[in-house]
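An overview of the molecular structure
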Amino acid sequence: FYAFLQPTMGIGEFHPTQEEKRMYQDMIKFKGLDFENALNNFYIQAISFCQNYEFAYDITNVFKDENDVYRDPRHQNKKGVDIISKKIREIVFAF
């Protein structure tokens, strides 16, 4: 089986639009810096896990050089889902 660590807003490389920046800042204002720190710490550990297991793939940087990929701070829009699904297909069908 495969496991994929997907990006979430604030994690991974991407170039947010002004709206995506606003959504992220609104989330942090609502949930607090403790949430942001916990999120970052989780992803640090999860990325490390992916590096240690052949079945686990870190695709958190799949949005590098992209923007307008989120519909809210946790969920991708159609463009984001299409990019993620293309990357997963590339990995699965490479074998």
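What comes next concerns the included structure. (Residues numbered from 1 in each chain as written. Predicted model: local features only at pLDDT ≥ 70, side-chain atom pairs only at ≥ 80, totals over all residues. Heavy atoms only, no water.)

**Some points on the overall build of the protein**
The helix and strand tally for the protein stands at 3 helices and 2 strands. Computed over the C-alpha atoms, the radius of gyration of the protein is 14 Å, within 12% of the 12 Å expected from 2.2 N^0.38 for a compact globule of 95 residues. In the protein, buried positions account for 34% of the 95 residues. Long-range pairs, those at least 24 residues apart, make up 69% of the contacts in the protein with a sequence separation of at least 6. (Helix = DSSP H or I, 4+ residues; strand = E, 2+ residues; numbered from the N terminus. Rg over C-alpha atoms; globule rule 2.2 N^0.38 Å. Buried < 20%, exposed > 50% of the residue type's maximum accessible area, 1.4 Å probe, protein only. Contact = heavy atoms within 4.5 Å.)

**Describing the environment of alanine 56**
Within the secondary structure, alanine 56 sits in strand E2 (residues 56-58). Between the C-alpha atoms of alanine 56 and phenylalanine 93, which are 37 residues apart in sequence, the distance is 15 Å. Other than its neighbours up to four places away in sequence, alanine 56 contacts Ala3, Phe49 and Cys50.

**Notes on the side chain of threonine 60**
Residue position: threonine 60 is located in the loop between E2 and helix H3 (78-92). A polar contact of 2.6 Å, which involves the side chain of threonine 60, links it to the side chain of aspartate 58. In this structure threonine 60 touches Leu5, Gln6, Pro7, Ile11, Gly12, Glu13, Tyr43 and Ile47, once residues within four positions along its chain are discounted. (Polar contact = N/O pair within 3.5 Å; in protein donor to acceptor, adjacent residues only side chain to side chain.)

**Thoughts on the nonpolar core**
Counting 15 residues, the largest nonpolar core has Met9, Phe14, Val62, Phe63, Val69 and Tyr70 as its most contacted members. Of all elements in the fold, only helix H1 (18-31) and H3 reach the threshold of two or more residues within this core. Filtering out sequence-adjacent residues up to four positions away, phenylalanine 63 remains in contact with Pro7, Glu13, Phe14, Val69, Tyr70, Gln76, Gly80, Ile83 and Ile84. Within the second largest apolar cluster, 7 residues are counted, among which are Leu5, Ile11, Leu39 and Ala56. (Core = buried A, V, L, I, M, F, W, Y, C linked by side-chain atoms within 4.5 Å.)

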